[in-house]
Amino acid sequence: MTPYKLYHFNSLASTQDKAKEFAKKGMCNVIIVADTQTKGRGRFKRKWFSAKGGLWMSILLKPENTQNLQYLTFSAAVSVVNAIKKITNLNTSIKWPNDVHYKGKKLCGILTEGIFGSENFAVVGIGLNVNQNNLPNEIKKTAVSLKMITNQNLDTKKLAKSIIDGFFILYDKYYNRNKTDKILKIWKTYCDTINKNVRVITKTKKLKGKAIGIDNDCNLLLKLKNNKVIKIVEGDINVRY
Ligand code: BTN
């Protein structure tokens, strides 16, 4: 397995930004973990609530292939589901493209960012709600922590290790060997978005339809009322569970 080095901080603005600082120094295969983040961010530059108790970490990589970083997001999501199962015995699912949820409530979000230049890097940011007793009002209805489900305090270090080990297995075995089809196959067994009626919100429009599949570029295939199938490259979806 790819050897990695883990750096732990009490507080950071964002583990993503620290990873980018490390990339500038040419470092890679580095994990950055912070107990809290003051400027944690999610997709579409949204605020990511990062109080103490959660697992906030970024994996800095220098992959040979940076064509479809979405497969790194998919690998991370699979690793999170597996780690949660191993440590808590809970069954969680993946909602396209990057959420791990329990009964429709978001437990984990993943943000993969590329750094392109003379050398290319990728930063896979993972935010997992672990030991928070409650969540801010803004996300109370839509999110949950593992402790709120299990009533147990969990070992975030153990969870992190399990996620990282699982991630690097997929990274070494499939991502770096251009076997992304294998990642997609595994990811699909954890994803419960397919065959559901969904509402899609993209930057420019809102759509309703049935999620009928995922293509090889990790786009969601949405069948509209008029039977036309369109590709959703980026967006949020609402599913009724
Ligand atoms: C999302 O669902 O929108 C993605 C959320 C990603 C949050 C994580 S927490 C660790 C890393 N640092 C950040 O600032 N964001 C990611």
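Computed from a predicted structure; not experimentally measured.

Chemist: I'd like to hear about the site of the ligand, residue by residue, with values.
Modeler: Neighbouring the ligand are 20 residues; Ser14, Gln37, Arg41, Arg43 and Lys106 lie closest to it. Between a nitrogen atom of the ligand and a side-chain N or O atom of Gln37, the distance comes to 2.9 Å. Within the backbone of Arg41, a nitrogen or oxygen atom sits 2.7 Å from a nitrogen atom of the ligand. Looking at the shell around the ligand element by element, the count peaks at four residues for strand 6 (residues 105-115). For the shell around the ligand, the per-class residue count stands at five nonpolar, eleven polar and four charged.

Chemist: With reference to specific residues and values, describe the nonpolar core.
Modeler: Ranked by size, the top nonpolar core spans 60 residues in total, and within it Ile126, Leu128 and Trp187 carry the most contacts. No other element matches helix 2 (residues 70-88), which puts ten residues into this core. Excluding residues that lie within four positions of it along the chain, Ile126 makes contacts with Leu55, Trp56, Met57, Ile59, Ala76, Val80, Cys108, Gly109, Ile110 and Ile163. Judged by nonpolar contacts, the second largest core, of ten residues, contains Ala19, Phe22, Val30 and Phe121.

Chemist: Before we move on, could you go through helix 2 and cite the residues and values that matter?
Modeler: Along an α-helix, a turn takes 3.6 residues, which lines up residues three or four apart on a common side. Look at helix 2: 27 Å from first C-alpha to last across 19 residues, which is about the 27 Å you get at 1.5 Å a residue. The buried fraction of helix 2 is high, at 14 of 19 residues. Immediately beyond the C-terminal end of helix 2, within one or two residues, lies Asn89, with a positive phi of roughly 70 degrees.

Chemist: Go over the sheet that holds strand 9 (residues 206-214) with me, naming the residues and quoting the values.
Modeler: With antiparallel pairing, the five strands of this open sheet are ordered in space as 11-10-9-8-12. The open sheet has two edge strands, strand 11 (229-232) and strand 12 (236-239), and neither has a second partner. For this sheet, the mean inter-axis angle between neighbouring strands, taken without regard to orientation, is 45 degrees. Bridge count between strand 9 and strand 10 (residues 220-223): four bridges; the pairing is antiparallel. If you follow Ala211 over to strand 10, its bridge partner there is Leu222.

Cut-offs used in this document
- Residues numbered from 1 in each chain as written.
- Predicted model: local features only at pLDDT ≥ 70, side-chain atom pairs only at ≥ 80, totals over all residues.
- Heavy atoms only, no water.
- Near = heavy atom within 4 Å.
- Polar contact = N/O pair within 3.5 Å; in protein donor to acceptor, adjacent residues only side chain to side chain.
- Helix = DSSP H or I, 4+ residues; strand = E, 2+ residues; numbered from the N terminus.
- Nonpolar A, V, L, I, M, F, W, Y, C, P; charged D, E, K, R; others polar.
- Core = buried A, V, L, I, M, F, W, Y, C linked by side-chain atoms within 4.5 Å.
- Buried < 20%, exposed > 50% of the residue type's maximum accessible area, 1.4 Å probe, protein only.
- Contact = heavy atoms within 4.5 Å.
- Expected span 1.5 Å × (residues − 1).
- Pairing = 2+ DSSP bridges.
- Axes fitted to C-alpha atoms, helices over the stretch in contact; angles between N-to-C directions.

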